[in-house]
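As a plain string of letters, each chain reads:
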Amino acid sequence: MRKGIGIAAAVAAGVLVSSLNASALILTEKTEEQKLRADIQKQSHGYIACLVKAATNCEKSGNTINRECVLATSTATSPADAKGKFAGDVAKCDAKVDYLKKAKTLTATTGYTAIGCLGDTDSVTAGDQPHPDMNAYEAGAIPATKTQIDTLALALDGLTGCAMNADPLKCQAAEIKRVAGYAFAVQKCQLACENDYKNKKGNGGPNDTTTACSLNAAGNGSTGDVNFTACVDKAYGKLTKTPLPAGINVLLQLLAPPLNDASNDINNEDDCP
């Protein structure tokens, strides 16, 4: 679904989704581990955006609203990917991911434990089962992100209300673009909130609460910190400058849990044994 890939990618931030544990890990501002953790969240957002761009460019030459470019395999169904750049573009996105980029003295093992053993190696077993180290965590996150984008893309086709439009491809592209923009804006608000130690953007730094930097259940605002809520409200105001199709409200509800859980898994859990 070429015009749905953007929002699916936004939802794919939930690739790190896990059950929230009671334990938490507060990191001291400006320490190596705090900078490392913040950069991983930032990289995750950037990786999703990169995949969105790769898929969108691939789909431009397609001729159907169905998905024609599959991120998990880097393959496309003709006439999509007319320039033959899709696989290379996806590979470039993969190559940019380096979760240890901000590490100086921390290693793949010590860095992983220092920030709370992120991710989950077994989605079936209750709770989070840690990876061996940061390299394994990164290696698992890359294909999981692509797979979740692909899966969600298939599920979100009809929510834009564009099927009966005179130009459904153009309509859906416009709707998905603005909702995806909202999702990425929320991620930016969450990143700022979780790394704020001065109580200006959410004060998430010194507090391991799962609500302060999270969307409400409707996905159209927040019941958390007032400064974070103001950031989300600004993004939502931009989203709703023109009326939303009814299905988009459903889409926002689908967005809220993965966006919240992904942010909380990185910032508000300690899953180390």
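Each remark here, short or long, concerns the structure printed above.
Residues numbered from 1 in each chain as written. Predicted model: local features only at pLDDT ≥ 70, side-chain atom pairs only at ≥ 80, totals over all residues. Heavy atoms only, no water.

(A) Structural view of the overall build of the protein chain. Helix and strand content of the protein chain: eight helices and two strands. When the helices and strands of the protein chain are listed from N to C terminus, the series reads α-α-β-β-α-α-α-α-α-α. Radius of gyration (C-alpha) of the protein chain: 18 Å, near the 19 Å computed for a compact globule of 273 residues. Over its C-alpha atoms, taken along the principal directions, the protein chain stretches across nearly 55 × 40 × 30 Å. Within the protein chain, the proportion of its 273 residues that are buried is 49%. Expressed as a percentage of contacts within the protein chain between residues at least 6 apart in sequence, the contacts between residues at least 24 apart total 72%. Looking at the protein chain as shown, the accessible area adds up to about 12200 Å², and 57% of this sits on carbon and sulfur atoms. Considering the protein chain, the positive charge centre built from 27 side chains and the negative charge centre built from 29 side chains are found 13 Å apart. (Helix = DSSP H or I, 4+ residues; strand = E, 2+ residues; numbered from the N terminus. Rg over C-alpha atoms; globule rule 2.2 N^0.38 Å. Buried < 20%, exposed > 50% of the residue type's maximum accessible area, 1.4 Å probe, protein only. Contact = heavy atoms within 4.5 Å. Areas by Shrake-Rupley, 256 points an atom, 1.4 Å probe, with all protein chains shown as cover. Lys, Arg positive; Asp, Glu negative; His and termini not counted. Charge placed at Lys NZ, Arg CZ, Asp CG, Glu CD.)

(B) Looking closely at the state of the cysteines. Counted under the stated rule, the structure contains six disulfides. Note that cysteine 50 is cross-linked by a disulfide to cysteine 93, the S-S spacing being 2.1 Å. Its S-S torsion of approximately -85° makes the covalent link between cysteine 50 and cysteine 93 left-handed. Taken together, the residues cysteine 50 in helix α2 (residues 32-59) and cysteine 93 in helix α3 (residues 86-96) connect sequence positions 43 residues apart. Each member of the pair, cysteine 50 as well as cysteine 93, carries the same accessibility label: buried. The disulfide bridge from cysteine 117 ends at cysteine 272, spanning 2.0 Å between sulfur atoms. The sign of the S-S torsion, about 100°, decides the handedness of the disulfide formed by cysteine 117 and cysteine 272: right-handed. Remark: cysteine 272 occurs in the segment after α8 (246-267) and cysteine 117 occurs in the loop between α4 (108-114) and α5 (134-155); sequence separation between them is 155 residues. Of the residues examined, cysteine 117 reaches a relative accessible area of 2% and is grouped as buried. (Disulfide = S-S within 2.5 Å.)

(C) How the structure looks around the pattern of salt bridges. Evaluated as defined, the whole model comprises four salt bridges. The closest approach of N and O atoms between lysine 198 and glutamate 29, which form a salt bridge, is 3.3 Å. In this pair, lysine 198 sits in the loop between α6 (168-194) and α7 (226-239) while glutamate 29 sits in the loop between α1 (5-11) and α2, placing the two residues 169 residues apart along the sequence. Across the salt bridge formed by arginine 178 and glutamate 175, the nearest N and O atoms sit 2.9 Å from each other. Of this pair, arginine 178 and glutamate 175 both sit in helix α6, three residues apart, which is roughly one turn of the helix. The same class applies to arginine 178 as to glutamate 175, namely buried. (Salt bridge = Lys/Arg side-chain N within 4 Å of Asp/Glu carboxyl O.)

(D) Representation of a positive patch on the surface. Taken together, Lys30, Lys35, Lys42, Lys101, Lys102 and Lys104 make up a surface patch of like positive charges. The class for lysine 35 is partly exposed, based on a relative accessible area of 44%. (Patch = residues over 30% accessible without salt bridge, like charges linked within 9 Å, V, L, I, M, F, W, Y side chains within 5 Å.)

(E) A look at the nonpolar core. One finds Ile40, Met134 and Tyr137 to be the most contacted residues of the largest nonpolar core, which totals 32 residues. Elements supplying a minimum of two residues to this core: α2, α3, α4 and α5. With eight residues, the single largest contributor to this core is α2. For isoleucine 40, the residues in contact, after removing those within four places along its chain, are Tyr99, Ile115, Leu118, Met134 and Tyr137. (Core = buried A, V, L, I, M, F, W, Y, C linked by side-chain atoms within 4.5 Å.)

(F) Quick look at the environment of aspartate 208. Relative to the helices and strands, aspartate 208 resides in the loop between α6 and α7. For aspartate 208, a relative accessible area of 23% translates into the label partly exposed. For the pair aspartate 208 and alanine 38, spaced 170 residues apart in sequence, the C-alpha separation works out to 14 Å. When sequence neighbours within four positions are dropped, the list of residues in contact with aspartate 208 reads Ala24, Leu25, Ile26, Asn267 and Asn268.

(G) Region of the structure containing the packing of α2 against α3. Running from amino to carboxyl end, α2 crosses α3 at an angle of 175°, the nearest separation of the two axes being 9 Å. Our classification of the angle between α2 and α3 gives roughly antiparallel. Residues Gln43, Tyr47, Cys50, Leu51, Ala54, Ala55 and Cys58 of α2 form the contact with α3, whose participating residues are Phe86, Asp89, Val90, Cys93, Asp94 and Lys96. Residues of the contact of α2 with α3, tallied by class, amount to nine nonpolar, one polar and three charged. (Axes fitted to C-alpha atoms, helices over the stretch in contact; angles between N-to-C directions. Parallel < 35°, antiparallel > 145°, perpendicular 65-115°, else oblique. Nonpolar A, V, L, I, M, F, W, Y, C, P; charged D, E, K, R; others polar.)

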